Amino acid sequence: MNISRHDLNLLVYLDVLLREKNVTRAADRLSISQPAMSNGLKRLREMFKDPLLVRTSRGMEPTARALTLQPVIHEILMQLESTLQTDEAFSPGTESRVFRVMASDYAATTLLPELLSRIQQKAPRLILDIMTPSDVDFRDVEDGRIDMAINMFDDLPLSFYQKNLWHDRFCCVLHSGHPAAEKFDIQSYLTSDHVWVNKTGYGVGVGINLADVQNMGWVDRSLEQLGYRRHIKLFARDYHVAMHMATSAGLIATVPVRIAELYRNWPELTILRPPFKIPDVELKMVWSPLLHHDRAHVWMRQQVTEAVESLRAE
């Protein structure tokens, strides 16, 4: 192939088309018209002598040739993105920019106040747009539409950059008048009613499946290994809802310590160690290779690191 005879901008089209598997969505992603994207696909098919995307009962699907091309094209574009990054320094005091951060309610309430305080002091014109795990998916992070994601993850794509921020252990929260508070052991834990919280993953959530213990999180997997199951009366998607239910509805909430510490001054609250071993959870920051060398992004990641170090010192 004589490379000078081809429009290499079409590789950007191909990368997006193979991700979206839809001409209209790909056009929207690149802010071009649908006919322009259709024409781009036609030219790509001529370039590679392959249909690349074919219509099936499941919608548009990539051909075997396209599947071979996809990781190669994506890697080439990421390398170009890095190579073409400007060497101009980022000036936090004068720059205006919106940083989009996916953060769970756990991260938002334990880490972001310290981070925002630092940003307000060093970069008063920067804005944080905090999104929830249900607002985005892994593709949004991979494509750089989200600057970073901060959460407790079970699994991550190997292509992501990631940084471990801290570990946290679990504790049990209940009303001080709860019968189990007098003698808190595995038996009283199992005979009590509980509120469940799930804080991993991306995308729109679905209803809980009681039979699928493996997807019910760290607490229930730990209990299953001991041959136990707890009585769950309420399924929540927010740790702070769980904390309120523990103190007002007679339920036990098993939550990370850093969340419980935010409510330590509540007089009706009792915080106890779990009567069985639960693995620590790990808060991570992840971001796309496309943003790894961006000067502003490097600065923001450093602010997150410094915020974490400050909180550890406290």
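(A) Local environment of unusual backbone geometry. Residues other than glycine seldom take positive phi values, yet K49 does so here, at roughly 55°. Summarising the element assignment, K49 is placed in the loop between α3 (34-48) and β1 (53-56).

(B) Broad picture of the sheet that holds strand β10 (residues 252-256). Taking strand neighbours across the sheet as the criterion, the five strands line up as β9-β8-β10-β7-β11 in an open arrangement whose pairing is mixed. This sheet does not close on itself; its edge strands, each paired only once, are β9 (231-236) and β11 (269-272). In this sheet, adjacent strand axes meet at a mean angle of 30° when their direction is disregarded.

(C) Region of the structure containing the side chain of S188. With respect to the helices and strands, S188 occurs in helix α8 (residues 186-191). Within the structure, the side chain of S188 is placed 2.9 Å from the backbone oxygen of K183, a separation counted as a polar contact.

(D) Quick look at a nonpolar patch on the surface. A cluster of nonpolar residues, V72, I76 and L80, forms a patch on the protein surface that exposes about 230 Å² of accessible area. Tracing the chain through its elements places I76 in helix α4 (residues 64-83). Looking at I76, the relative accessible area reads 35%, which means it is partly exposed.

(E) A look at the sheet that holds strand β3 (residues 97-103). The strand order β4-β3-β5-β12-β6 describes an open sheet built from five strands, whose pairing is mixed. Looking along the sheet, the strands with just one partner apiece sit at the ends: β4 (126-131) and β6 (161-168). Geometrically, the sheet is characterised by an average inter-axis angle of 20° between neighbouring strands, direction not taken into account. Strand direction decides the pairing type here: β3 and β4, joined by six bridges, are parallel. Within the sheet, the bridge partner assigned to R97 lies in β4 and is L126.

Reading the values: the criteria
- Residues numbered from 1 in each chain as written.
- Predicted model: local features only at pLDDT ≥ 70, side-chain atom pairs only at ≥ 80, totals over all residues.
- Heavy atoms only, no water.
- Helix = DSSP H or I, 4+ residues; strand = E, 2+ residues; numbered from the N terminus.
- Pairing = 2+ DSSP bridges.
- Axes fitted to C-alpha atoms, helices over the stretch in contact; angles between N-to-C directions.
- Polar contact = N/O pair within 3.5 Å; in protein donor to acceptor, adjacent residues only side chain to side chain.
- Patch = residues over 30% accessible without salt bridge, like charges linked within 9 Å, V, L, I, M, F, W, Y side chains within 5 Å.
- Areas by Shrake-Rupley, 256 points an atom, 1.4 Å probe, with all protein chains shown as cover.
- Salt bridge = Lys/Arg side-chain N within 4 Å of Asp/Glu carboxyl O.
- Buried < 20%, exposed > 50% of the residue type's maximum accessible area, 1.4 Å probe, protein only.

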